[in-house]
Amino acid sequence: MSEKARVPEPAGGVNDLPMAVLNAIQNPVILVDENSHVAFANWEAESFFGVSANHLARHTIDAFIPFGSPLLTLIEQVRDRRAPVNEYRVDLSSPRLGADKLVDLYVAPVLSQPGSVVIVLQERSMADKIDRQLTHRAAARSVTGLASMLAHEIKNPLSGIRGAAQLLETSATDEDRALTRLICEETDRIVSLVDRMEVFSDERPIDRVPLNIHSVLDRVKAIAKAGFARGIKISENYDPSLPPVFANRDQLVQVFLNLVKNAAEAIGDRPDGEILLTTAYRPGIRLSVAGTREKISLPLEFCVHDNGPGVPPDLLPHLFDPFITTKTNGSGLGLALVAKIIGGHGGIVECDSQLSRTTFRVLMPASKGPTADDVFPMTKGTNA
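Quick look at the structure, then. Because the structure is predicted, anything quoted here is derived from the model rather than measured. (Residues numbered from 1 in each chain as written. Predicted model: local features only at pLDDT ≥ 70, side-chain atom pairs only at ≥ 80, totals over all residues. Heavy atoms only, no water.)

## With respect to the sheet that holds strand β14 (residues 357-364)
Then, in step 1: Here we have five strands laid out as an open sheet, ordered β7-β9-β12-β14-β13, and mixed in their pairing. Each edge of the open sheet carries a strand with a single partner, namely β7 (233-237) and β13 (348-354). Pairs of neighbouring strands in the sheet enclose a mean axial angle of 15°, with direction left out of account.
Then, in step 2: The pairing of strand β12 (residues 300-306) with β14 spans seven bridges and is antiparallel. Paired with Phe-302 across the strands is Val-362, a residue of β14.
Then, in step 3: Relative to the sheet, helix α8 (residues 213-226) contacts β7, β9 (274-281) and β12, its axis offset from that of β7 by approximately 170°.
Then, in step 4: Contacts from helix α9 (residues 249-267) reach β9, β12 and β14 within the one sheet, and its direction differs from that of β12 by about 25°. (Pairing = 2+ DSSP bridges. Helix = DSSP H or I, 4+ residues; strand = E, 2+ residues; numbered from the N terminus. Axes fitted to C-alpha atoms, helices over the stretch in contact; angles between N-to-C directions. Contact = heavy atoms within 4.5 Å.)

And the structure:
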C-alpha cells in the first residue's frame, strides 16, 4: 500500500491540505464520480476495503461491496435529490471485506461536481463497543451506590448476628453448635462479599505514573505461573517500542491478574491450553470525554488471549456488568471491577469471543513522560 497521494486528483483538484485533512479523518471516506468510479479514498478507506486507493480507482464502487447493497441505492438517491442521506446499521459483510462489517453511512452530493458523491462509513463494531463501555460505567456507578449502602446498613447487623451466634455456641449442644457455626460462616461470607463491593465506592484520585506495561505483564505472568496457571503455557508477543502508559501499577496488576485468571479458569484442564499476552500500538481509537469537547486518544492495546471454549453469545454484551458470571460460585464482580479500573484510567476494555479463541482487549492512553520503571527490561519477541 503506497504512502502518499494514491490516485489521480479528481476533477476540480484536491491539493495537499484537503488531502491531509481527509487522511486525518478516522473513518473511511471515499469520493465516487458520476460514473461510480472511486475517485478518492483516504487511508482509513484503504484499510477498510483492504486494497490501495490506486486499486480502488481502477474499479467502480460496486466491485467492492456486496451485490444489491443498500449503499448503491443511497448513491442514486443522493444523485437524484442532490441532498445528503444517512443510513444506519448497513451490513457490508462479504467474502472480500470479511464478516462483521456493519456500518453507518453518510452519503452527500458534491455540488461542484454533478453526479459525484462523498461516502463516509462509521463502523458499528467500534461504536457499539464504546456504547457498551458507557453502559458498563453506568452499571459500575450503580454498584458504587449499592456498595456504600451495604457497608453501612448490612455489615453492622451482620456483626451483631455473628456475635450472638458465638454466644449461643458456648452453651449449645453438638447438634446446635453445627447450626451456630453455619451462621458464623455465612455471615463471614456475606461480609467478604460486601468488602469486595466496597472497592467500587472508592472514588479517591488514582495515583498514576508513567509505566512500562511489559514489566506489569511480566509480574502478572510470574504470579500466574507460580499459582493458578501453573500447568498452562503462557506466551508473549510484545511491541518493544511502546511508549509508557500513565497508570497505577498495583491497579494494572490487579486488572491483568483478573483477566489471566479468567483465561486460566476457562482453559481448565485442556492439555493444549495456552494464554497469549500481546501489546501493540493502534492509532485511530479516540474516546469523547463527557461534558467537554476533548477527545482522548487510546493508542495502546494490551490483550489477553486464550483458547478456551469462549463466552456464550447471549452473555457477551453483559460480560462487564456486575453480578454476571459463568462460574458456579462466582460473584460476578471481577470483570465489573476491571471495567471500573480501566474506565478510571480513561481507557476501555472489551471482549471478542468465539469457539477456542477469546480476547480481552484493553485500550489506554499513552504517557508523554519518561517511564518510571526503566529498571525493568523491555520484553521482546514471543516466549513460552
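## Side note on the packing of aromatic side chains
Then, in step 1: A full pass over the atoms with the stated rule returns three aromatic pairs.
Then, in step 2: Taken together, a centroid distance of 6.3 Å and an interplanar angle of 65° make the contact between Phe-256 and Phe-302 edge-to-face. In this pair, Phe-256 is assigned in helix α9 and Phe-302 in strand β12, connecting sequence segments 46 residues apart.
Then, in step 3: Residue Phe-302 is classed as buried on the basis of its relative accessible area of 0%.
Then, in step 4: Taken together, Phe-48, Phe-49 and Phe-64 form an aromatic cluster joined through their ring pairs. (Phe/Tyr/Trp six-rings, centres within 6.5 Å; stacked < 30°, edge-to-face > 60°. Buried < 20%, exposed > 50% of the residue type's maximum accessible area, 1.4 Å probe, protein only.)

## So, the pattern of salt bridges
Then, in step 1: For the coordinates displayed, the defined rule picks out eight salt bridges.
Then, in step 2: Between Arg-79 and Glu-76 there is a salt bridge; the shortest N-O distance is 2.9 Å. Placement of the pair is Arg-79 and Glu-76 together in helix α4 (residues 70-81), with a separation of three residues, close to one helical turn.
Then, in step 3: A relative accessible area of 18% means that Arg-79 is categorised as buried.
Then, in step 4: For Glu-76, a relative accessible area of 39% translates into the label partly exposed.
Then, in step 5: Between Lys-261 and Glu-265 there is a salt bridge whose closest N-O contact spans 2.6 Å. Here Lys-261 pairs with Glu-265, and both are found in helix α9, just four residues apart, close to one helical turn. (Salt bridge = Lys/Arg side-chain N within 4 Å of Asp/Glu carboxyl O.)

## Considering the pairing of β14
Then, in step 1: Of all eight residues in β14, seven are buried; the element is thus mostly enclosed.
Then, in step 2: When β13 meets β14, the two strands line up antiparallel, connected through seven bridges. Looking at β14, one finds that Asp-352 is bridged to Thr-359.
Then, in step 3: With antiparallel pairing between neighbouring strands as the criterion, β13 and β14 make up a hairpin whose turn holds two residues, including Ser-356 at a positive phi of roughly 65°.

## Overview of α4
Then, in step 1: For α4, spanning twelve residues, the distance from its first C-alpha to its last is 16 Å, which sits close to the expected 16 Å at 1.5 Å a residue.
Then, in step 2: When we look at burial in α4, the residues that qualify are Leu-71, Leu-74, Ile-75, Val-78 and Arg-79. Along the axis of α4, the buried residues cluster in a sector spanning 135°; they form a single face. Within α4, the exposed residues directed more than 90 degrees away from the buried face are Asp-80 and Arg-81.
Then, in step 3: Elements in contact with the buried residues of α4: β1 (29-32), β3 (85-91), β4 (102-109) and β5 (117-123).
Then, in step 4: Of the residues trailing α4, Arg-82 is marked for its positive phi of about 55°. (Expected span 1.5 Å × (residues − 1). Arc of directions from axis to C-beta.)

## Considering the nonpolar core
Then, in step 1: Core analysis: the biggest nonpolar cluster contains 43 residues, and Ile-213, Val-245, Leu-252, Phe-256, Leu-259, Ile-275 and Phe-302 have the highest contact counts within it.
Then, in step 2: Within the residue set of this core, elements represented by two or more residues are α8, β8 (245-247), α9, β9, β12, α10 (334-344), β13 and β14.
Then, in step 3: With ten residues, the single largest contributor to this core is α9.
Then, in step 4: Sequence-distant contacts of Leu-259, defined by excluding residues within four places in its chain, comprise Val-304, Leu-335, Val-338, Phe-360 and Val-362.
Then, in step 5: Ranked by size, the runner-up nonpolar core spans 27 residues in total, among them Phe-49, Ala-53, Phe-64 and Val-107. (Core = buried A, V, L, I, M, F, W, Y, C linked by side-chain atoms within 4.5 Å.)

## Quick look at the sheet that holds β3
Then, in step 1: Spatial strand order, β2-β1-β5-β4-β3: five strands in an open sheet with antiparallel pairing. The open sheet has two free edges, formed respectively by β2 (38-41) and β3, since each of these has just one partner strand. On average, each strand axis in the sheet is inclined to that of its neighbour by 25°, with strand direction left out of account.
Then, in step 2: Here three bridges tie β1 to β2, and the two strands are oriented antiparallel to one another. Considered in β2, the bridge of Ile-30 is made with Ala-41.

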